[in-house]
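What follows is each chain in one-letter form.
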Amino acid sequence: MDKDEIHLRRLPAAAPWGPHGDSEFHGVDFLPEDLSEVPEETGMRVNKKYSCLPAEEKGIHIINIQAIEDIGYDQHESTLLNSLSKNPDADCKYGLYFRDGKRKVDYILVYHYKKSSAGKTLARRAQQNDSSVRSTKQDQPLPGKGVQLEMGESEPHMDYHEDDKRFRREEYEGNLVEAGLELERDEDTKIHGIGFVKIHAPWNVLCREAEFLKLKMPTKKMYQINQTHGLLKKINSVIQKITEPIQPKVAEHKPQTVKRLSYPFSREKQHLFDLSDKDSFFDSKTRSTIVYEILKRTTCTKAKYSMGKGEGRKKETTLLNKRRKCGKYGITSLLANGVYSAAYPLHDGDYEGENVEPNDRKLLCEEWASYGVFYKYQPIDLVRKYFGEKIGLYFAWLGVYTQMLIPASIVGIIVFLYGCATVDENIPSMEMCDQRNNITMCPLCDRTCSYWKMSSACATARASHLFDNPATVFFSVFMALWAATFMEHWKRKQMRLNYRWDLTGFEEEEEAVKDHPRAEYEAKVLEKSLRKEHKHKEHVTLVPEVPKTDKNFEERLIFKAFLLKFVNAYTPIFYVAFFKGRFVGRPGDYVYIFHSFRMEECAPGGCLMELCIQLSIIMLGKQLIQNNLFEIGIPKMKKFIRYLKLKRRRSLDHEEHMKKKQRYEVDYNLEPFAGLTPEYMEMIIQFGFVTLFVASFPLAPLFALLNNIIEIRLDAKKFVTELRRPVAVRAKDIGIWYNILRGIGKLAVIINAFVISFTSDFIPRLVYLYMYSENGTMHGFVNHTLSSFNVSDFQAGTAPNDPLDLGYEVQICRYKDYREPPWSENKYDISKDFWAVLAARLAFVIVFQNLVMFMSDFVDWIIPDIPKDISQQIHKEKVLMVEVFMREEQGKLHMLETWKDKDKRKGENCNNHSPRLSRSHSGSLSSCHSYPLDV
C-alpha cells in the first residue's frame, strides 16, 4: 500500500473497538480496514474524544486521504471535520450546535466552491464499486487535499484561482486548528455552491483568550449596592411606580440591589469565579468575540503546496506564492480577497413563530424592536448582552439624545407660539402690509422683471415674524446651554453604564491590545520592505498616509467621512444664511457673474424666512420621511427580491427547499452588518441641524424628536431581524463621536450669533429703536431700512421692458440697503447708518459668543462627570477586591503554617523510633516526609 493513500471502508453500526463499543472518531464515518497498515508517517492518530456518527447517517464507502500531515490536521486536541449527515436537525438544533448536539457553534465562515471534474470522477467510481452510495455530494475528500487520479487518466482542467482560494482556506483553517479551535464543515446545504465552516471554541481556548483579553468576569463574591435613604428613596419609589408601564418587561432592566464583584479572568485564579455552570459562564456574545479575535490574528502565510505537473503549473504556482507572501493577513483580508464570502456569529434563534423556543432575540423583538412599544424605555442591558458594548452604547446614546429633545421641543413650541400670538402686534410687518404706504420697489432682475409693490410681500413678512422675533435670541441661548447639559448628562449616563457593564478598568485592558498593528499596515510595510530590498537599499522608510492600529484607522476614517458629510449637508444652509443677498450690489451697479448672471437676492421677506423654509424641508422631508422610508423600504425590497429568487429555485427543487434550513443558512441570507458609522452619522448631522441654525427654526427639535422615536425602533428592528448578528465589540464610550459632538456644540454658539446678527433683522431693529426712533417705537423702521434709486441711472439694457406695469410711470424706486439717496452729493455711497448697524452686529457677536461660552463652561464645570454614588461603588469594589486577595493570601499562609506543624510532628514521631526499628524500616522512615496535602 502506498503510504500517501489509505483505503477506508464503512464500519458496521456497532463497531466494538472503542472503550465503550463505539468508534473513537468524532464526526468521521470511516476507518481503515487494518490499523496496522496505517504508516506512522501519515500522522494519522486516534483520538479518544471522537465518536462515529449514527449508522443511518453514514454514506461513504471509499475515500482517499493524501498526506494528512501536509495540511496540519493531525492535531490531537482539535480537528476539522466534515458534516456528512442528511437530517441532523434533532441533534444540532437546526445549526446552533455541531453534529454531536453538544458543542455550540460560535462562529461561521462561508465560502463559494466549485466541484472539479476530479470529484465527479471519484463519485462515478464510487457508484460503480457500491450501488448503495446516496449522493455524489457526500463524496467529498477531507478538506486540504484533492483527489489522486489513477495512472493513465487525463488530468482534469483546474481553475487556478479557485485552487488558490481553496488552498488558502485549508491553510488558514489548519492554523485555526493549531490555535485550539474545533471546526466542522458542511457543504451539503440547501444553498447550492455555498459551503459553511462551523467553529467552536473549547473551554481551554476560552479561558486562554479571556485571560489574554483581560475580560472582566463575575466572581463568587457578591455585595450590596448602596441604596438611597429618606426623602430621596421615597421620590425614587414614586418615580418607579409612575414609570412602571413604560418599562420593558425584561429581567435585565429591573433595578439591582446586589452585584457580583468582577475581576479580569485568570486561569490561575479560577477558584475565584463561579464555574458551577461552565456552559453559560461565557455567553454567546463573549464566545463570538473571542473567536473573532483569533480569526483576526491568525495568519495565512505558508506557501508549500504544489498544483500539479508541468512548467505552466510551476510558473502559476510561483506567481501565486509570491502574491500570497506579499498579501495581507487575517480574516479581514481573506474576506476582501474572496477566499471567504462571509464570516459572522449566529443569532440565538428565530424571533417569530408559535413553537419558537424563548431566546434573547425573540425577547428583543417583542420588547424593543416593535413599533408598538415606542413609548417604552429601551432594554439597554439586554441589547448589550446580545450585541455587545459598542452597539449598546450607541442605542443608549440615542435614547439619551431623544429624551433630551423633549424639553428642547417644548421650549421651541413655546417660542413658535409666542411668534404666532404677537404677529398682529408686529409693527414692521404691519407697515409692509399697509397698502396706503404705496412703496414701489426696484425690479428683482434685469429687463424681464418690473417694479412691484412692497405690500405684495405681506404674507411672507407676517410668516417671518413667527421665527424672527425677540424670543429667538432667548431660544438660541437656551439651546447652547441645552447642548452643554446634554453632553454632561451623557457623560454621567456613560459612567453608570461603565460601572454596570464592568468597564470601569477598560483603559488598562485596552492597553494590552491597542498597539497591535493592523494587517493592512503590516502588509504595506512588508511590500515596501520587499521593494527596498529589491532595489538593494539599506534603509526602509515606512508608509506614513496608512494608520498603524485599528483604532487610529477608524477614527481617521470617521473624521474624514464626517467632514465630507458636513460640507455636503450644510453648504446650502450656509449659503442661504451668510452669502445669499450679501454681494448683489445695488440698482444701476449690480454684481454679475460671467458678465451676464446677476447675484441672487433674498426673497422680499428676507433670507431668514428662506433659511427657515429650507430647514423645515430638510427636517420634515428628508430626515423624518425620506430617510425612514429608505431604511424601511430598501430592506423590504431586498427581502422581496430574495423571495422571488427562492421561489424560482423551489420550482426546480421543491422538496429540498421545503426542509427547515439550518441557523447558519438562514443568517447567511440576512444583510451583513456594515458598522455603526452610518447610524451615528445620520444622528450627528441631525444634531447639527438642531443646534447650528436653531435661531432660524425653533421647531427643529420637535421634528428631530419625532424622527428619533421612529429611528430607534427602526434601527432596533433592523439589527434584530434584517442584519446578521454583528461581532460584539467592547467599548467604554462612543469614541471620536463625542469629540465631534462637542465641536458642533461650540460651533453652534458662533453660527447662531452670526445668524441673529447678520441674517435676521434683530440688530437693525434694536439700532433703530434706540438711535433713530422719534417716539421710542418701531414706527418708520421699514422706511429707514430702504434706500432710494433714480430709474434714470439704470445701466443700458437693464431697465424693465414694461415700465408701466403698475399703471403709472416710476421715477424713484426703493431697495433694501443703507445708501445715500440720488439727490445727495455722494449718491449711492454707503451711509453712516450702515456702519452703525455693522458695529452693533459685531458687538453682539462678541458679547453673545463669550457670554454663552462662559455659561456652557460653567454648566460643564458645575456638573461632575462621575455621579457620586457611582464613584463610591467603584471605590467599594476596589476595597472588596483587596479584601478577597488578602483573605486568599491569609489562607495560603495558614496552610503553609499547618504544613510546617505537620512536618515538625512527623519528624518528632520518626525520631522517637528505636535505632533498630529505624534501620529495619528505612523505607517507611523516608516516607514520613512525603504525604499528600489537601489544599
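Values in this document were obtained by computation on a predicted structure and should not be read as measured data.

Visitor: Got a sec to walk through the overall build of the protein? Specific residues and values, please.
Guide: Scanning the protein for helices and strands turns up 30 helices and 17 strands. Within the protein, buried positions represent 47% of all 935 residues. Sequence separation of 24 or more characterises 80% of the internal contacts of the protein that already satisfy a separation of 6 or more. Of the roughly 49,000 Å² of accessible surface on the protein, a fraction of 57% belongs to carbon and sulfur atoms.

Visitor: Please set out the packing of aromatic side chains residue by residue, giving values where relevant.
Guide: The description of an aromatic ring pair uses the distance of the two centres, along with the angle that the planes make with each other. Enumeration over the complete set of coordinates arrives at 50 aromatic pairs. Aromatic pair phenylalanine 566 and tyrosine 570: ring centres 4.6 Å apart, planes at 65°, arrangement edge-to-face. In this pair, phenylalanine 566 and tyrosine 570 both sit in helix α18 (residues 550-579), 4 residues apart, roughly one turn of the helix. According to the relative accessible area criterion, tyrosine 570 is buried, its value standing at 1%. For the pair phenylalanine 566 and phenylalanine 574, a centre-to-centre distance of 6.4 Å together with 50° between the ring planes defines the contact as tilted. Geometry around phenylalanine 167 places arginine 166 over its ring, the cationic atom sitting 4.9 Å from the centre.

Visitor: Can you lay out the state of the cysteines for me, pointing to particular residues and giving the numbers?
Guide: Cysteine pairs can be linked by a disulfide, which is a covalent bond between their two sulfur atoms. Per the counting criterion, the structure on display carries 4 disulfides. Residue cysteine 442 pairs covalently with cysteine 813 via a disulfide, S to S 1.9 Å. One disulfide, between cysteine 442 and cysteine 813, carries an S-S torsion of 85° and so falls in the right-handed class. Linking cysteine 442 in the loop between β10 (440-441) and β11 (452-453) with cysteine 813 in strand β17 (residues 812-816), this pair joins segments that are 371 residues apart in sequence. Given a relative accessible area of 4%, cysteine 442 falls into the buried group.

Visitor: Summarise the pairing of strand β6 (residues 194-200); cite the residues concerned and give the values.
Guide: By the criterion of burial, β6 is predominantly enclosed, with 7 of the 7 residues buried. Two elements, strand β4 (residues 107-112) and β6, share 6 bridges in a ladder whose sense is antiparallel. In the strand pairing of β6, isoleucine 108 is matched with lysine 198.

Visitor: Could you give an account of the environment of serine 773, with specific residues and numbers?
Guide: If you trace the backbone, serine 773 turns up in the loop between α25 (762-772) and α26 (781-785). Taking relative accessible area as the criterion, serine 773 reaches 16% and is therefore assigned buried. A polar atom in the side chain of serine 773 sits 3.1 Å from the backbone nitrogen of glycine 776. A distance of 2.6 Å separates a polar side-chain atom of serine 773 from the backbone oxygen of threonine 777.

Visitor: If you had to explain the side chain of glutamate 722 to someone new, which residues and values would you point to?
Guide: Looking at where glutamate 722 falls in the secondary structure, it is placed in helix α23 (residues 700-722). Given the relative accessible area of 12%, glutamate 722 is considered buried. Residue contacts for glutamate 722: discarding those within four places in its chain leaves Pro635, Leu670, Glu671 and Lys717.

Visitor: How would you explain a nonpolar patch on the surface if you had to name every residue and give the values?
Guide: Residues Tyr371, Phe374, Tyr375, Ile632, Leu706, Ile709 and Ile710 make up a contiguous nonpolar surface patch of roughly 590 Å² in combined accessible area. It is α23 that contributes the most residues to the nonpolar patch, 3 residues altogether. Position of isoleucine 710 relative to the elements: it lies in helix α23. Given a relative accessible area of 32%, isoleucine 710 falls into the partly exposed group.

Visitor: For helix α10 (residues 360-367), give the residues involved together with the corresponding values.
Guide: The element α10 is largely enclosed, with a buried count of 6 among its 8 residues. All of the buried residues along α10 are Asp360, Arg361, Lys362, Leu364, Cys365 and Glu367. Those residues of α10 hidden inside the fold are in contact with α11 (380-387), α21 (663-668) and α23. Backbone nitrogen of arginine 361 and a side-chain oxygen of the N-cap are separated by 3.0 Å at the start of α10; the cap is asparagine 359.

Visitor: Go over the packing of helix α15 (residues 470-500) against helix α24 (residues 736-759), please, and point to the residues and values.
Guide: For the pair α15 and α24, interaxial distance at closest approach is 10 Å and the crossing angle is 175°. In this view, α15 runs roughly antiparallel relative to α24, as classed from their interaxial angle. Between α15 and α24, the contacting residues are Val473, Ser476, Ala480, Met487, Glu488, Trp490 and Lys491 on the first element and Tyr738, Leu741, Arg742, Val749, Asn752 and Ile756 on the second. When its residues are assigned to classes, the contact of α15 with α24 shows 8 nonpolar, 2 polar and 3 charged.

Visitor: Before we move on, can you summarise the environment of isoleucine 830 with the specific residues and values?
Guide: With respect to the secondary-structure elements, isoleucine 830 resides in the loop between β17 and α27 (832-862). C-alpha of isoleucine 830 to C-alpha of aspartate 817: the two residues are 13 residues apart in sequence and 8.5 Å apart in space. Those residues in contact with isoleucine 830, other than ones at most four positions away along the chain, are Tyr818, Arg819 and Trp835.

Visitor: Give a detailed account of the nonpolar core, specifying residues and quantitative values.
Guide: Among the nonpolar cores identified, the biggest contains 106 residues, and Trp397, Tyr401 and Phe693 are the most heavily contacted of them. With 14 residues, helix α12 (residues 389-421) is the single largest residue contributor to this core. The contact partners of tryptophan 397, leaving out residues within four places of it in the chain, are Phe486, Trp490, Tyr680, Met683, Ile684, Ile734 and Leu741. One finds Leu176, Val205, Val339 and Val727 within the second-largest nonpolar core, a separate group that totals 46 residues.

Visitor: Break down the confidence of the model for the protein for me, citing the residues and quoting the values.
Guide: For the protein, the mean per-residue pLDDT works out to 76, and 73% of the residues sit at or above 70. No element of the protein has a lower mean pLDDT than strand β1 (residues 8-9), which averages 36, and none a higher one than α12, which averages 94. In this model residues 914-935 is a low-confidence stretch, pLDDT under 50, and it forms 11 contacts with partners more than four residues away in sequence or in other chains.

Cut-offs used in this document
Residues numbered from 1 in each chain as written. Predicted model: local features only at pLDDT ≥ 70, side-chain atom pairs only at ≥ 80, totals over all residues. Heavy atoms only, no water. Helix = DSSP H or I, 4+ residues; strand = E, 2+ residues; numbered from the N terminus. Buried < 20%, exposed > 50% of the residue type's maximum accessible area, 1.4 Å probe, protein only. Contact = heavy atoms within 4.5 Å. Areas by Shrake-Rupley, 256 points an atom, 1.4 Å probe, with all protein chains shown as cover. Phe/Tyr/Trp six-rings, centres within 6.5 Å; stacked < 30°, edge-to-face > 60°. Lys NZ or Arg CZ within 6 Å of the ring centre and 35° of its normal. Disulfide = S-S within 2.5 Å. Pairing = 2+ DSSP bridges. Polar contact = N/O pair within 3.5 Å; in protein donor to acceptor, adjacent residues only side chain to side chain. Patch = residues over 30% accessible without salt bridge, like charges linked within 9 Å, V, L, I, M, F, W, Y side chains within 5 Å. Salt bridge = Lys/Arg side-chain N within 4 Å of Asp/Glu carboxyl O. Axes fitted to C-alpha atoms, helices over the stretch in contact; angles between N-to-C directions. Parallel < 35°, antiparallel > 145°, perpendicular 65-115°, else oblique. Nonpolar A, V, L, I, M, F, W, Y, C, P; charged D, E, K, R; others polar. Core = buried A, V, L, I, M, F, W, Y, C linked by side-chain atoms within 4.5 Å. pLDDT = per-residue confidence, 0-100.

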